[in-house]
Amino acid sequence: MAKLIMSLDNAVIRELPLDKERVTIGRKVHNDIQIDNLAVSGEHALIVTILKDSFLEDLGSTNGTLVNGNPIKKHILQNNDVVEIGKYKLKYESESPGGQSSVADFEKTMVLRAPMGGKPPEAPGSSGDTQVRPAAPAAPKSPPPTPAPTAAPAKSTDKIAAIQILSGPSAGKELELVKNLTTLGKPGVQVAVITRRPHGYFITHVEGATLPIVNGKSLDAQAHQLNDHDVVELAGVKMEFFFKNN
């Protein structure tokens, strides 16, 4: 399990396990990690841990959040990163540190273009929606010798799931969710993560003031399990989650 080692003036104060999916840091008492210091905002920062990856986000604090001496708004934590909040330092340690592939997956967030009248499109030269590929035309198949048995419930991840864009310029395009962690959205506007777990696919809010919407209902801060044909609204774009046929 990943943990934070809190220190002040090079003296270790305590160890803080990241044993929850969402851990808040701030001066107010309701935070999971309370730092009673005037340089720390009431709700200063948030750490979201999904599988083996931990995401740090500054919550618009007055004095900012530093990682290894650099100000950040959003950062995927790597083993031995040092987070500075006020006069305090929080060293991130993980038994299974994320490798370069994890960083690459996070940086390559699939950018969703909003329909006309929604969010402005990406500026020229941005990654745009290049990670969404059109669904490949179905190849002719020979009929199976015997009918396939009834599939397991949608909760099983034996099947590969996908999302299909329903609105905007990318409507009709499809992305298979083959990785354990897939980020979706528009950095700086709204970002969510879909994780593939042994008992299903889950969507979790990572960045942005607005929470994702599933089937017309706004989600809360916790991970939400996706069911076959759920309609997700994220960064002004509607998309359908579904399980692909084997």
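Now for a quick tour of the structure. (Residues numbered from 1 in each chain as written. Predicted model: local features only at pLDDT ≥ 70, side-chain atom pairs only at ≥ 80, totals over all residues. Heavy atoms only, no water.)

Here's the deal with the pattern of salt bridges
Point 1. Counted under the stated rule, the structure contains six salt bridges.
Point 2. A salt bridge links Lys-3 to Glu-15; the nearest nitrogen and oxygen atoms lie 3.2 Å apart. One end of the pair, Lys-3, is in strand β1 (residues 3-8); the other, Glu-15, is in strand β2 (residues 11-17), and twelve residues separate them in sequence.
Point 3. The class for Lys-3 is partly exposed, based on a relative accessible area of 24%.
Point 4. The salt bridge involving Glu-174 is made with Lys-244; its shortest N-O contact spans 2.6 Å. Taken together, the residues Glu-174 in strand β15 (residues 173-176) and Lys-244 in the segment after β23 (237-243) connect sequence positions 70 residues apart.
Point 5. Under the relative-accessibility criterion, Lys-244 is labelled partly exposed at 21%.
Point 6. Overlapping salt bridges bring together Glu-174, Glu-176 and Lys-244 as one network. (Salt bridge = Lys/Arg side-chain N within 4 Å of Asp/Glu carboxyl O. Helix = DSSP H or I, 4+ residues; strand = E, 2+ residues; numbered from the N terminus. Buried < 20%, exposed > 50% of the residue type's maximum accessible area, 1.4 Å probe, protein only.)

Quick look at the sheet that holds strand β10 (residues 82-85)
Point 1. Reading across from one edge, β2-β1-β11-β10-β7-β8 is the order of the six strands in this open sheet, with antiparallel pairing throughout. Only two strands of the sheet have a single neighbouring strand rather than two, namely β2 and β8 (70-72). The sheet shows a mean angle of 30 degrees between the axes of neighbouring strands, taken without regard to direction.
Point 2. The pairing of β1 with β2 spans six bridges and is classified as antiparallel. The residue of β2 that forms the bridge with Met-6 is Arg-14. (Pairing = 2+ DSSP bridges. Axes fitted to C-alpha atoms, helices over the stretch in contact; angles between N-to-C directions.)

A short note on the nonpolar core
Point 1. Judged by nonpolar contacts, the single largest core of 21 residues is most densely connected at Leu-4, Ile-25, Ile-33, Ile-35, Leu-56, Ile-85 and Leu-90.
Point 2. Residue assignment for this core shows that the elements contributing at least two residues are β1, β3 (22-26), β5 (45-50), β10 and β11 (88-93).
Point 3. Other than its neighbours up to four places away in sequence, Leu-56 contacts Ala-45, Leu-46, Ile-47, Thr-65, Val-67, Ile-72, Lys-73, Lys-74, His-75, Leu-77 and Val-83.
Point 4. The next biggest cluster of nonpolar side chains, apart from the first, holds 19 residues, and it includes Leu-184, Ala-192, Met-239 and Phe-241. (Core = buried A, V, L, I, M, F, W, Y, C linked by side-chain atoms within 4.5 Å. Contact = heavy atoms within 4.5 Å.)

Examining the sheet that holds strand β9 (residues 74-76)
Point 1. Spatially, five strands are ordered β4-β3-β5-β6-β9 in an open sheet, and the strand pairing comes out mixed. With one partner strand each, in any of the chains shown, β4 (33-34) and β9 form the two edges of the open sheet.

A closer look at the side chain of Thr-195
Point 1. You can see Thr-195 is positioned in strand β17 (residues 190-197).
Point 2. A polar contact is formed between the side chain of Thr-195 and the side chain of Arg-197, at a distance of 3.3 Å.
Point 3. When sequence neighbours within four positions are dropped, the list of residues in contact with Thr-195 reads Ile-50, Asn-180, Leu-181, Gly-200, Tyr-201 and Phe-202. (Polar contact = N/O pair within 3.5 Å; in protein donor to acceptor, adjacent residues only side chain to side chain.)

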